[in-house]
Amino acid sequence: MSSSTLMPTDKPTPAAAIGNLPIPSVSSLPPAMQYQTSDDAHGNKTVILGIEGSANKIGVGVLQYDPATGTYETLSNPRKTFISPAGMGFLPRETAWHHQNHVVALVRAALTEAFPEESQPQRHLSGIAFTKGPGMGGPLRSCAVAARTLSLMWDVPLVGVNHCVGHIEMGRVACHSPNPVVLYVSGGNTQVIAYSDQRYRIFGETIDIAIGNCLDRFARVIGLSNDPSPGYNIEQLAKECSGETLVELPYVVKGMDVSFSGILTFVETEAKKLLAPESNTTKADLCYSLQETLFAMLVEITERAMAHTGQNQVLIVGGVGCNKRLQAMMADMVRERGGTLCAMDARYCIDNGAMIAQAGIFALQFGQQTKLEDSWCTQRYRTDAVKTIWREGVQWHHT
């Protein structure tokens, strides 16, 4: 990566590096919103356990804030992935069963890794965060039930988290990025986002299917494995292409929005002809061509959002954000504009519990909790529906 690209760090992140509002003391919060801190020999730290399970991955992360150093740190972040057979997607019921089978072991593993010398590590917890949505209904409910159970059993508050906001906050903290333009690309979401007035505003998005869904379904057409993921296997196969054969595919950008369904339909229809024995086109050529086309569309609308908001930093989050080719194309654009790219890796791009804990700890520290009766899940939960009370209520000005 070039010098204009920032990579995530494993070191504790100073709260000052992300530009949030000053953290209020626990005693200054309304009594109903106060929470316990870990009053051990290590100081009064805020520790939160986050559970993510909106799709085919279930993750449990433990994250702490240390007031002595003013830093946030991820203490553990294990996860498990439900991998369906080649040629098939993952269905809600089977995915929910997978999450139910693994959540208890992951909670134990996360707490043991975070507090290896403790026989009762749960005593350090200040709260339990869980994914409220968006996502698949069955997997979401399975993880919400686990979160409610732990909250009641250990007598700590619940914090419902928007999955998309979790990705953004994890990226901001890991890359020390206070106010970037965000490209959020995953199996279920494709959005270009910028912050204004305590909300993450959506400047552009897909009008049909998400880019990750497009890649997954294309992988099924050409018979690629789902292990470790279809998108990763497309990326690796695309590297085998010399770059001399670019199959012309539809390029669909409509203002600030993009469309992927037509591209998918075209490539599904043409794949048999293009991959016939008498053709010179290979699977690698198709993977390369699809990536180049889709990613160029994303770079275009991201650059337009940068110009509109006057920002010079881009953060890529979501599972597709791991793709090195997407990162390289975005880095080229950002560098030409004199800016920087925050490129995440598989630890934090792919769905994980720590990102839910990160957004959850911000909410908890600023007096936001979820009552048990309000801890329902929803498959549709817009990024801009969340009021980010931990950030300053400033507005950007059109440039």
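Coordinates for the structure precede this section.
I will try to describe carefully the structure that is included in this document. (Residues numbered from 1 in each chain as written. Predicted model: local features only at pLDDT ≥ 70, side-chain atom pairs only at ≥ 80, totals over all residues. Heavy atoms only, no water.)

This brings us to the side chain of N162. For N162, the position within the fold is in strand β9 (residues 158–162). A polar contact of 3.2 Å, which involves the side chain of N162, links it to the backbone oxygen of R382. Every residue in contact with N162, bar those within four places of it in the chain, is listed here: G133, P134, Y381, R382, T383 and V386. (Helix = DSSP H or I, 4+ residues; strand = E, 2+ residues; numbered from the N terminus. Polar contact = N/O pair within 3.5 Å; in protein donor to acceptor, adjacent residues only side chain to side chain. Contact = heavy atoms within 4.5 Å.)

Before going further, it helps to spend a moment on the environment of A307. Along the chain, the position of A307 falls in helix α7 (residues 283–309). Judged by relative accessible area, which is 36%, A307 ranks as partly exposed. A sequence separation of 60 residues divides A307 from V247, and the C-alpha atoms of the two residues are 30 Å apart. (Buried < 20%, exposed > 50% of the residue type's maximum accessible area, 1.4 Å probe, protein only.)

In this section: the sheet that holds strand β15 (residues 313–317). Pairing within the open sheet is mixed, and its 6 strands lie in the order β1-β16-β15-β10-β11-β12. Edge positions in the sheet fall to β1 (5–6) and β12 (199–205), since each of these pairs with one other strand and no more. Strand direction decides the pairing type here: β1 and strand β16 (residues 340–343), joined by 2 bridges, are parallel. Considered in β16, the bridge of T5 is made with L341. (Pairing = 2+ DSSP bridges.)

Here the focus is helix α10 (residues 353–365). Relative to the 18 Å expected for 13 residues at 1.5 Å per residue, α10 spans 18 Å between its end C-alpha atoms, a close match to the ideal helical length. Among the residues of α10, the N-terminal cap falls to N352, whose side-chain oxygen and the backbone nitrogen of A354 are separated by 3.2 Å. Looking one or two residues past α10, G367 carries a phi angle of roughly 85 degrees, positive in sign. (Expected span 1.5 Å × (residues − 1).)

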